[in-house]
Amino acid sequence: MSTLELLENRTTWSISELDLILTALKDADMITPDLSKQAISNVSQLLDIQERLHLTVEELCTTFHFMPTWKDFSEHPDRQKDWKLFERTFDVRKLFGEDENTHKINSSSEFYHKSFDIGKLKDRATDPTTPVLLGGLGVSETELFLLFDLLKSEMKFSEKYGVCTLNLQKVSLLYRHSLISNALNLKIKDFVQVMHLNFNSTDYVIQDPHQIRSLIEFVNWVKTSPFTIPELGFILKDEESNSVKHKIELVGVIKIVQHIIESQVQEKESATILLTS
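Residues numbered from 1 in each chain as written. Predicted model: local features only at pLDDT ≥ 70, side-chain atom pairs only at ≥ 80, totals over all residues. Heavy atoms only, no water.

K.L.:
Explain the pattern of salt bridges to me, please; I cannot follow it from the model alone.
P.N.:
Two side chains with opposite charge may pair up if their charged atoms get near one another. On inspection of all chains with the given rule, the structure shows seven salt bridges. When the shortest N-O distance is used, the salt bridge between aspartate 48 and arginine 213 registers 3.2 Å. In this pair, aspartate 48 sits in helix H3 (residues 37–53) while arginine 213 sits in helix H12 (residues 209–224), placing the two residues 165 residues apart along the sequence. Here aspartate 48 falls in the buried class, since its relative accessible area comes to 16%. Assessed through its relative accessible area of 1%, arginine 213 is described here as buried. In this structure, arginine 79 and aspartate 82 form a salt bridge, with 2.9 Å as the shortest nitrogen-oxygen distance. The partly exposed category is assigned to arginine 79, whose relative accessible area is 48%. Aspartate 82 gets classed as buried once you look at its relative accessible area, which sits at 15%. Residues joined in a network through salt bridges with shared partners are Asp48, Arg52, Arg213 and Glu217. (Salt bridge = Lys/Arg side-chain N within 4 Å of Asp/Glu carboxyl O. Helix = DSSP H or I, 4+ residues; strand = E, 2+ residues; numbered from the N terminus. Buried < 20%, exposed > 50% of the residue type's maximum accessible area, 1.4 Å probe, protein only.)

K.L.:
Looking at this model, I keep getting lost on the confidence of the model for the chain. Mind explaining?
P.N.:
Low pLDDT means the predicted atomic positions in that stretch should not be read closely. Residue-level pLDDT values for the chain average 84, and 81% of them are 70 or greater. Below pLDDT 50 for its whole length, residues 239–250 participates in 13 contacts with residues either more than four positions away or in separate chains. (pLDDT = per-residue confidence, 0-100. Contact = heavy atoms within 4.5 Å.)

K.L.:
Honestly, the nonpolar core in this entry has me stumped. Any pointers?
P.N.:
In terms of nonpolar packing, the biggest core is built from 76 residues, with Phe86, Leu133 and Leu166 touching the most fellow members. Aside from chain neighbours lying at most four places away, what touches leucine 166 is Leu95, Phe96, Ser107, Ser108, Ser109, Phe111, Leu133, Met155, Val171 and Leu174. (Core = buried A, V, L, I, M, F, W, Y, C linked by side-chain atoms within 4.5 Å.)

K.L.:
Help me understand the environment of asparagine 220 in this model?
P.N.:
Structurally, asparagine 220 is set in helix H12. Remark: the alpha-carbon pair of asparagine 220 and leucine 184, spanning 36 residues in sequence, is separated by 9.2 Å.

K.L.:
Could you clarify how one ought to interpret the packing of aromatic side chains in this entry?
P.N.:
The relative placement of two aromatic rings is captured by the distance of their centres and the angle of their planes. Inspection of the entire model under this criterion finds nine aromatic pairs. Seen in terms of ring centroids, phenylalanine 86 and phenylalanine 90 are 5.9 Å apart; in terms of plane orientation they differ by 55 degrees. Their pairing is tilted. Comparing phenylalanine 86 with phenylalanine 90 shows no difference in burial state: the two are buried. Connected via pairs of aromatic rings, a cluster forms that spans Phe111, Phe116, Phe145, Phe148 and Phe157. (Phe/Tyr/Trp six-rings, centres within 6.5 Å; stacked < 30°, edge-to-face > 60°.)

K.L.:
Explain the side chain of aspartate 117 here, please?
P.N.:
Its place among the elements puts aspartate 117 in the loop between strand E1 (108–112) and helix H7 (130–137). Its relative accessible area of 0% is what places aspartate 117 among the buried residues. Polar side-chain contacts of aspartate 117 include one of 2.9 Å to the side chain of tyrosine 112. (Polar contact = N/O pair within 3.5 Å; in protein donor to acceptor, adjacent residues only side chain to side chain.)

K.L.:
Help me understand the side chain of threonine 63 in this model?
P.N.:
Examined against the element boundaries, threonine 63 turns out to sit in the loop between helix H4 (57–62) and helix H5 (85–89). Filtering out sequence-adjacent residues up to four positions away, threonine 63 remains in contact with Leu46, Leu55, Arg176, Leu179, Ile180, Ile206 and Ile212.

K.L.:
Explanation requested: unusual backbone geometry in the structure shown.
P.N.:
A negative phi holds for most residues other than glycine; trans holds for most peptide bonds. Residue histidine 54 is not a glycine yet carries a positive backbone phi of 55 degrees. Examined against the element boundaries, histidine 54 turns out to sit in the loop between H3 and H4. Phi is positive for asparagine 185, which is not a glycine, with a value near 60 degrees. One can find asparagine 185 in the loop between helix H10 (168–183) and helix H11 (188–198). A residue is classified by how much of its surface remains accessible, and asparagine 185, at 68% relative accessible area, is exposed.

If you want it as structure tokens, here you go:
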């Protein structure tokens, strides 16, 4: 039995859905075209994530790659049945604008945010495409800023002008983190706190299934703990205390929490071996 046949038999996805997942995994350089064991491992984890977060296949693709879109979104499909997640979620023409001559949708657009305009050189408060972003992401202006700040290494705002370039990749990043936050039943501010508690500053961008499963385990653990997420942020990150003794104790607390999370993730990953057997 080939790897493809095994995946078809062990998943509930249709052929087209499986193809969408595998294509996204290949485009994200997470599997090779020959569908090695890595493909089975990734699909196993994605199936677990889909079941636990109740995501559609298109949303699942977005958790590690770009939002699925019409093959050439510069020419918006007339038929709604041809719209993919990107077109259904955002008014792409308003988001990116269009060429004034051909009327084709641009592949990107300039976006301004006053919070990143250190020089305050631009005399405008809100970018006109902000409502389009807010509507598609389902967040408030404050939450949008929190997402921008969390992902600032990828958004790359110009400190001089407070401008970044929005394209499919960056909009997908914003949507991915908003989607996962919502699926975990977390407010954006709590989601950002959870990201800081679980990952180093270089890992704030969710890029692979393992990160998502770690977040799921952490959130489930929090539900059984006597602490809220803000309280954990205070305790584990030592935001307000300068006590040397307290800092030493924190090391032990952090190790305990991380050990619990890692153990739970390892148990889940061991269970996915059943898919390959």
